[in-house]
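# Summary of structural features
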Amino acid sequence: MTLGDSNQPMDFIRVAVMDDLKAGRYSRVHTRFPPEPNGYLHIGHAKAMCIDFGIAAEFGGQCNLRFDDTNPVKEDVEYVESIQQDIRWLGFDWEDRLYYASDYFERLCEYAVTLITKGKAYVCDLSADDIREYRGTLTEPGKESPYRNRTVEDNLDLFARMRAGEFPDGSRTLRAKIDMASGNINLRDPVMYRIIHATHHRTGDAWCVYPMYDFAHGQSDSIEGITHSLCSLEYEDHRPLYNWYLDALDIDRPRQIEFARLNVSFTVLSKRKLLRLVQGGHVKGWDDPRMPTLSGLRRRGYTPEAIRDFCDRIGVAKKDSMVDIALLEHCLREDLNKRAPRVMGVLKPLRVVIENYPEGRVEEVAAVNNPEDPSAGTRTVPFSRVLYIEQDDFRENPPPKYYRFAPGREVRLRYAYFLKCVGVVKDAQGDVVELTCTYDPATRGGDAPDGRKVKATIHWVSAAHAVPARVRLYDRLFVKEDPDDVDGGQDFLENLNPDSLEVLTGCWVEPSLAESKPGSIYQFERQGYFCLDPDAAKGSLVFNRAVSLKDQWARIERAQRVG
RNA sequence: UGGGGGGUCGGAUAAGGGUAAUCCGGCAGACUUUGGAUCUGCACAUCGAGGUUCGAGUCCUCGCCCCCCAGCCA
């Protein structure tokens, strides 16, 4: 979007930013995306990135990437690397502006000393439990710490010794001296620094005192010249605290604007829950294709374009909301419909023998690679006497409105011939294992010279030429729209969908797929979009179903079952 | 019973005193060598009660409901 020539409605943040520019409160726009490197990025972060990077770009400004790495015990380089990869993959660029809160540790420490000197911070010897006790409750004010009125000299000395490593973890904290009776609990003498003797993934053992996020975030923004600090709703209560620090330090203040974080139906978007899914073995890792992580979506077959389109469509507001996962799926289908090459693949094969087709004969039929994109060209697919078709495409006793194959019925084999079912072969259990058919040589390519019509076109592969494959059919990870909707005492794991993964072996795909590369995405005609998984090895293809095609017949069947 | 936010079709967003619109989903139909795509149509909404006004989703008052906050997490 370029501002001015668009009549698209602006969300409240863009309106606010534009007003700031017009009113001269800021002369430029500089935002930041501030992940903590303690987990993988998910679709909720994609929304935040689209806002942070997107708004900066629209207003001709810049967006920094800053890792909020103030807690060494939770963070790891594994995450700082995966996060950067995911941001780039999504299509955003921080150029040379990669920062870390840990870059500012020395400066933050100076800020702390400044506040001590001004009598606005003190070293407190209360234990964690005591601090909690003294904090009061939501409805009752807290009590002042007995250490609150130490002299500036004592505080300076004690804080220096905290930094020097003289005291064990948890024995003391540095606190801001604000208001123990504030209705806003964040203002009841919040902790600024805590003692943690741990190795930080970037600063190593240089520090044993680490700033709290609240003491680092606003100042980091200020140091970087951030004008608009866009974040989620839960930080609304923290804004007065950030402003208190910034004012007490007399440094630049960005404007913080909060928006509602993303929720998507049938999945969870909290790092804590995602971590439990991984550690509990409910999924196969952060990049399991069922995960809403960017790495999971990528492996599933989602494109950056589809994800960004989704983020554009969900809008930005302050209302708590739950977006229908069907919208995400729609965005993927829409993107892939334009771009994904079409191929034929049979997931649950049923053998077909064409009685009147000469044994040993092979024809190459021409197939369109993408009807939505003529420039994608055509390819050739081998056809012969023995084929596989989809089990679902045959019914011995077809229900009403079922147009596909059945005894005596004629259908079209896509790009090939009309085919008529003349016999059914069953095994000892009475299950259909093979169809005996005849083809009409005059219908090559799929049109009948006599003008007769068939109601259905089905896909197929030539048994002698097809390539074997495994296919993983993914479904929603949870059975409930809101996985947290559980009875007392239970948690979201109760709502896991036991059928979120179905592995199909014995699938057959057309030979053109033999050399495809992991990450390639195809439309298997009439079925859905499938992405070649990195697990694939030569001669052993593994496809992940990203999303199925819309299925009109499934809907009819469902209606028939109900009605 | 403190403090901070929020309530518009089933879901998500618009409308900033003047026709409640758009997208997803649902339903129905057209078309179709993918029961895909595309196209057409239909249904469904301003939390409640007062008030101001020619006119209120929008302004005022009083309610109701929902979310967040009591980490030395972010």
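Calculation criteria
- Residues numbered from 1 in each chain as written.
- Chains lettered and ligands numbered in written order.
- Predicted model: local features only at pLDDT ≥ 70, side-chain atom pairs only at ≥ 80, totals over all residues.
- Heavy atoms only, no water.
- Helix = DSSP H or I, 4+ residues; strand = E, 2+ residues; numbered from the N terminus.
- Rg over C-alpha atoms; globule rule 2.2 N^0.38 Å.
- Buried < 20%, exposed > 50% of the residue type's maximum accessible area, 1.4 Å probe, protein only.
- Pairing = 2+ DSSP bridges.
- Axes fitted to C-alpha atoms, helices over the stretch in contact; angles between N-to-C directions.
- Contact = heavy atoms within 4.5 Å.
- Right-handed = clockwise from strand over helix to strand, strands pointing away.
- Core = buried A, V, L, I, M, F, W, Y, C linked by side-chain atoms within 4.5 Å.
- Domains from an automatic or database assignment.
- Near = heavy atom within 4 Å.
- Polar contact = N/O pair within 3.5 Å; in protein donor to acceptor, adjacent residues only side chain to side chain.
- Nonpolar A, V, L, I, M, F, W, Y, C, P; charged D, E, K, R; others polar.
- Patch = residues over 30% accessible without salt bridge, like charges linked within 9 Å, V, L, I, M, F, W, Y side chains within 5 Å.
- Areas by Shrake-Rupley, 256 points an atom, 1.4 Å probe, with all protein chains shown as cover.
- Salt bridge = Lys/Arg side-chain N within 4 Å of Asp/Glu carboxyl O.
- Lys, Arg positive; Asp, Glu negative; His and termini not counted.
- Charge placed at Lys NZ, Arg CZ, Asp CG, Glu CD.
- Buried area = accessible area lost by both parts, 1.4 Å probe.
- Phe/Tyr/Trp six-rings, centres within 6.5 Å; stacked < 30°, edge-to-face > 60°.
- Lys NZ or Arg CZ within 6 Å of the ring centre and 35° of its normal.

## Side note on the overall build of chain A
Regarding its fold elements, chain A presents 13 helices and 25 strands. The C-alpha radius of gyration computed for chain A amounts to 31 Å, which surpasses the reference 24 Å derived for 563 residues by more than 25%, pointing to a less compact arrangement than a globule. Each principal axis of the C-alpha atoms in chain A carries an extent, and together these give about 100 × 55 × 50 Å. Within chain A, the proportion of its 563 residues that are buried is 51%.

## A few points about the sheet that holds strand E3 (residues 98–100)
The 3 strands are arranged E1-E2-E3 in an open sheet whose pairing can be described as parallel. Here the strands that pair on one side only, and so sit at the sheet edges, are strand E1 (30–33) and E3. Averaged over all pairs of adjacent strands, the angle between strand axes in this sheet comes to 35 degrees, irrespective of strand direction. Here 3 bridges tie strand E2 (residues 62–67) to E3, and the two strands are oriented parallel to one another. Across the sheet, the residue bridging to Phe67 is Tyr100, located in E3. Sheet strands in contact with helix H3 (residues 77–90) are E1, E2 and E3, and its direction is about 160 degrees off that of E2.

## Considering the pairing of strand E8 (residues 228–232)
With 5 of 5 residues buried, E8 is to be regarded as a mostly interior element. Burial along E8 is two-sided: His228, Leu230 and Ser232 facing one way and Ser229 and Cys231 facing the other are all buried. Pairing geometry for E8 and strand E9 (residues 255–259), over 5 bridges, is parallel. Pairing of Ser232 across the sheet is with Phe259, part of E9. Once the chain exits E8 it traverses helix H8 (residues 239–249) before rejoining the sheet at E9, and the crossover so formed is right-handed.

## Quick word on the nonpolar core
Counting residues in each nonpolar core, the largest one holds 66 residues, and the members touching the most others are Ile87, Leu277 and Phe310. Top element by residues in this core is helix H2 (residues 43–58). It accounts for 9 residues. Among the domains, domain 1 (12–259) and domain 2 (271–341 + 469–562) are the pair contributing at least three residues each to this core. Listed in part, the 33 residues of the second largest apolar core include Phe105, Leu158, Trp207 and Tyr210.

## Let's talk about the protein's contact with RNA strand B
Within the structure, RNA strand B sits among 68 residues, and Arg342, Gly445, Gly446, Gln523 and Arg526 are positioned closest to it. Within 4 Å of the protein, atoms of RNA strand B come from sugar and phosphate in 65% of cases. In the environment of RNA strand B, a base nitrogen lies 3.3 Å from a nitrogen or oxygen atom belonging to the side chain of His238. Looking at the surface near RNA strand B, the elements that each hand over two or more residues are helix H5 (128–134), strand E6 (191–195), helix H11 (304–314), helix H12 (325–339) and helix H13 (552–562). Here the residues of the surface near RNA strand B sort into 24 nonpolar, 19 polar and 25 charged.

## Looking at a positive patch on the surface
Residues Lys550, Arg555, Arg558 and Arg561 make up a contiguous surface patch of positive charge. Of note, Arg558 is situated in helix H13.

## Examining the environment of Phe215
As for its placement among the helices and strands, Phe215 is situated in helix H7 (residues 213–224). On the accessibility criterion, Phe215 (0% relative accessible area) is buried. Placed 103 residues apart in sequence, Phe215 and Ala112 show a C-alpha to C-alpha distance of 8.9 Å. Residues contacting Phe215, with those up to four places away along its chain left out, are Leu108, Tyr111, Ala112, Leu115, Met192, Tyr193 and Tyr245.

## Describing the domain arrangement of chain A
On domain assignment, one finds that chain A holds domain 1 (12–259), domain 2 (271–341 + 469–562) and domain 3 (345–459). On the side of domain 3, 26 residues touch domain 2, which itself brings 25 residues to the contact. Interface area, domain 2 with domain 3, both sides summed: about 1900 Å², of which 49% is carbon and sulfur. Ranking the residues of domain 2 by area buried against domain 3 places Trp508, Arg526 and Trp553 at the top, with a combined share of 32%. At the junction of domain 2 with domain 3, the criterion picks out 5 salt bridges. Between Glu557 and Arg395 there is a salt bridge, and its shortest N-O distance comes to 3.3 Å. On the surface where domain 2 and domain 3 come into contact, there are 10 residue pairs in polar contact (both at pLDDT 80 or more). By residue number, the principal contributor to the side of domain 2 that touches domain 3 is strand E22 (residues 501–509), which donates 6 residues. Of the residues assigned to the side of domain 2 that touches domain 3, the class counts are 13 nonpolar, 5 polar and 7 charged.

## Overview of the sheet that holds E22
Spatially, E10-E23-E24-E25-E21-E22-E11 is the arrangement adopted by the 7 strands of the open sheet, whose pairing is mixed. Every interior strand has two partners, whereas the edge strands, strand E10 (342–343) and strand E11 (345–346), have only one. Pairing between strand E24 (residues 528–532) and strand E25 (residues 541–548): 5 bridges, direction antiparallel. Bridging across to E25, Tyr529 finds its partner in Val547. Against the sheet, H12 contacts E10, strand E23 (521–524), E24 and E25, and its axis sits at roughly 115 degrees relative to E25.

## So, the packing of aromatic side chains
Across all of its chains, the model carries 23 aromatic pairs by this definition. Look at Phe524 and Phe530: their rings are 4.2 Å apart centre to centre, the planes differ by 15 degrees, and that puts the pair in the stacked class. Like Phe530, Phe524 is buried. Plain terms: the ring middles of Phe524 and Phe543 are 5.2 Å apart, the flat faces sit at 70 degrees to each other, and that makes the pair edge-to-face. Of the two residues, Phe524 is situated in strand E23 and Phe543 in strand E25; the sequence distance between them amounts to 19 residues. Comparing Phe524 with Phe543, the two get one shared label, buried. Through a chain of ring-to-ring contacts, the aromatic side chains of Phe159, Tyr193, Phe215, Trp244 and Tyr245 assemble into a single cluster. If you follow Lys455 out to its NZ or CZ, it ends over the ring of Tyr403, 4.1 Å from the centre.

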